[in-house]
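# Residue-level structural notes
Here is what each chain is made of, one letter per residue.
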Amino acid sequence: MTAETTGQPVLRVEDLTTEFDTAGGTVRAVNGVGFAVAAGETLGVVGESGSGKSITLLSLLGLLPANGRVVSGSVRFGDLELIKASERRLQQVRGGGIGMIFQDPMTALNPVMTIAQQIDESLRRHSRGLGRRGRRARVVELLDQVGIPRAARRADQFPHEFSGGMRQRAMIAMAMANRPAVLLADEPTTALDVTVQAQILDLLQELQRETGTALVLITHDLGVIAEVADRAVVMYAGRVVEEGTVTQLFHDPRHPYSRGLLRSRPTLAAVAGAELPAIPGQPPNPARLPEGCAFRPRCDRSAGRDACLSRPELIMIDGGHAAACHFEAETEPAELGRSA
Ligand code: ADP
Ligand code: MG
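Small disclaimer: the values here were computed from a predicted structure and weren't measured. (Residues numbered from 1 in each chain as written. Chains lettered and ligands numbered in written order. Predicted model: local features only at pLDDT ≥ 70, side-chain atom pairs only at ≥ 80, totals over all residues. Heavy atoms only, no water.)

### Notes on the sheet that holds strand β8 (residues 214–219)
Counted only if it meets this: Pairing between strands requires that DSSP locate at least two bridges from one strand to the other. For helices the rule is a DSSP run of H or I covering at least 4 residues; for strands it is a run of E covering at least 2, with both sets numbered from the N terminus onward. Axes here mean lines fitted to C-alpha atoms, for a helix over just the part in contact, with angles spanning 0 to 180 degrees between N-to-C directions.
Within the open sheet, the 8 strands sit side by side as β6-β7-β8-β3-β9-β10-β12-β11. Their pairing is mixed. At either end of the open sheet lies a strand with only one pairing partner, and these are β6 (98–101) and β11 (315–318). Each neighbouring strand pair of the sheet contributes to a mean axis angle of 20 degrees, computed without reference to strand direction. Pairing of strand β3 (residues 42–46) with strand β9 (residues 231–236), which is carried by 4 bridges, proceeds in the parallel orientation. Opposite Val45, over in β9, you have Val233 as the bridge partner.

Set out below in structure tokens:
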């Protein structure tokens, strides 16, 4: 891959719907989700815990737990339809054309193999042309690239000999090993302290600039989105409720949920000297979604209006900015007062 942005999506998700069988019945955790990401672009996926971010990612990789299944939708990776692909094909894609980084590197790294052995295994599987020496050189090059000091020596250490930040760097090295066209990162910095978080985000951006990888970055933290994303989708109760460029979302958020997330950002509140106004209430249990707009019970804009009893579609506002709210053009009076 060269570091160019073609504008053509390398990954396109359409109308993805995922259900789980549970003791309490069928639960729809992902409900008609769609997004696309192009080479060199960073797409943020943001929402509170339980909004369906991780399940979206696991759905498109064919990694759902046994009680889950994709019931409809399409995931195109280049010319390949991942939803219909065989497990064999998906194994070629995972860690090959699509790299993955998860929140906790300890669950993704094998504790009884050295870092070098684990990266080597991935190179053997996906980059067949490399001989033993070529792979070793690549392992050291990768670890060096992700900022692991004395990479040649540290390559032969085990995960427990690495700090949390170094483990996450090793995970990133592994994810990038086969020069993936797409990198999927699920809360890659959530388990790390703030300083290390910033370093890992810088690293991701730097690697992306060098390789032109399309990055899908899942986070519950709007600060992370502001820092690294070009565009973002906001998820609530398994749906995309707003989508736009970072500028559109931060300067002109249209969905009351996006506005609520923005208001509850600690940095903004600290700047304004205000208390932390988190969105009141809890995200709904997907087994018992409210009728109509799932955000209705927590919404300070709806004010009990009947329109909200029917589900709003995601409507394009302008230039790639879309929101799923019957009253997207309204601004809450309370909010105007607050920002003054
Ligand atoms: P997040 O946005 O925090 O990543 P998830 O995608 O992990 O949220 O989960 C979304 C919802 O999917 C959860 O709130 C839960 O209701 C449901 N879910 C996830 N995993 C399972 C499972 N194994 N069985 C049943 N429901 C599940
Ligand atoms: Mg998650």
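Moving on from the coordinates now.
### Some details on the confidence of the model for the protein chain
The condition is simple: Confidence per residue, as judged by the predictor, is encoded in pLDDT with a range of 0 to 100. Only heavy atoms matter for contacts: two residues are in contact if any of them lie within 4.5 Å across the pair.
The share of residues in the protein chain with pLDDT of 70 or more is 92%, and the mean pLDDT across the chain is 91. Under a pLDDT of 50 for its full length, residues 1–5 has, in the predicted model, 14 contacts with residues more than four places off or in other chains. Here residues 336–340 is modelled with pLDDT under 50, and outside its nearest four sequence neighbours on either side it reaches 3 contacts, counting other chains as well.

### Section: the site of ligand 1
Just so we agree on the cut-off: When we say a residue is near a molecule or strand, we mean one of its heavy atoms is within 4 Å of it. Contacts described as polar in this section are N or O atom pairs within 3.5 Å, which, within protein, must combine one atom able to donate a hydrogen with one able to accept it, while residues neighboring in sequence count only if both atoms come from side chains. Computed with the Shrake-Rupley method and a 1.4 Å probe, the accessible areas treat only the protein chains shown as cover for residues. Only Asp, Glu, Lys and Arg are considered charged, only Ala, Val, Leu, Ile, Met, Phe, Trp, Tyr, Cys and Pro nonpolar, and every remaining residue, Gly among them, polar.
Residues in close proximity to ligand 1 total 14 residues, the closest being Gly50, Gly52, Lys53, Ser54 and Ile55. Between ligand 1 and the protein, one listed contact pairs an oxygen atom with a backbone N or O atom of Gly50 at 2.7 Å. Within the backbone of Gly52, an N or O atom sits 3.0 Å from an oxygen atom of ligand 1. For ligand 1, whose free accessible area comes to 560 Å², the fraction covered by protein is 70%. When contributions to the shell around ligand 1 are tallied by element, the ones reaching two or more residues are β1 (9–22) and α1 (53–61). A total of 3 residues in the shell around ligand 1 trace back to one element, the largest contributor, which is α1. The residue makeup of the shell around ligand 1, split by class, is 5 nonpolar, 7 polar and 2 charged.

### Section: the domain arrangement of the protein chain
Our working rule: Where each domain starts and ends follows an automatic or database-derived domain assignment. The quantity reported as buried area is the accessible area (1.4 Å probe) lost by two parts once they are put together, taken as the sum for both. Salt bridge, as used here: a side-chain nitrogen of Lys or Arg that lies within 4 Å of a carboxyl oxygen of Asp or Glu.
Each assigned domain of the protein chain is listed here: domain 1 (7–97 + 178–268 + 277–340) and domain 2 (114–171). When each unit is reduced to the centre of its C-alpha atoms, the spacing between domain 1 and domain 2 is 31 Å. If you look at the interface, domain 1 gives 15 residues, while domain 2 gives 12 residues. Taken over both partners, the interface formed by domain 1 and domain 2 buries close to 1,000 Å², and the fraction arising from carbon and sulfur atoms is 51%. When the buried surface of domain 1 facing domain 2 is broken down by residue, Asn178, Arg179 and Leu203 rank first, second and third, together holding 44% of it. One can count 0 salt bridges joining domain 1 with domain 2. Where domain 1 touches domain 2, the interface holds 7 residue pairs in polar contact (both at pLDDT 80 or more). Every element with two or more residues in the side of domain 1 that touches domain 2 is listed here: α2 (87–93) and α8 (194–211). It is α8 that provides the largest number of residues to the side of domain 1 that touches domain 2, a total of 6 residues.

### Concerning helix α5 (residues 132–145)
In plain terms, the rule: Helix span is expected to be 1.5 Å times the residue number reduced by one.
The terminal C-alpha atoms of α5 lie 20 Å apart, and with 14 residues this matches the ideal 20 Å at 1.5 Å per residue to within 8%. Elements that come into contact with the buried residues of α5 comprise α4 (115–126), α6 (151–154) and α7 (164–176). Positive phi appears at Gly147, one or two residues downstream of α5, with a value of about 85 degrees.

### Topic: the sheet that holds β1
The strand order across the open sheet formed by 4 strands is β2-β1-β4-β5, and the pairing between neighbours is antiparallel. A strand with exactly one partner marks an edge of an open sheet, and here the two such strands are β2 (25–38) and β5 (80–81). One ladder, built from 2 bridges, connects strand β4 (residues 68–77) with β5; its direction is antiparallel. Counterpart to Phe77 in the pairing with β5 is Leu80. In the packing of α1 onto the sheet, the strands contacted are β1, β2 and β4, and the crossing angle to β1 comes to about 105 degrees.

### Some thoughts on the pairing of β4
Here β1 runs beside β4; their pairing, made up of 8 bridges, is antiparallel. Each residue of the ladder has a partner; that of Arg12, found in β4, is Arg76. If you look at the hairpin formed by β4 and β5, you'll find 2 residues sitting between the two strands, and Gly78 has a positive phi there, around 60 degrees.

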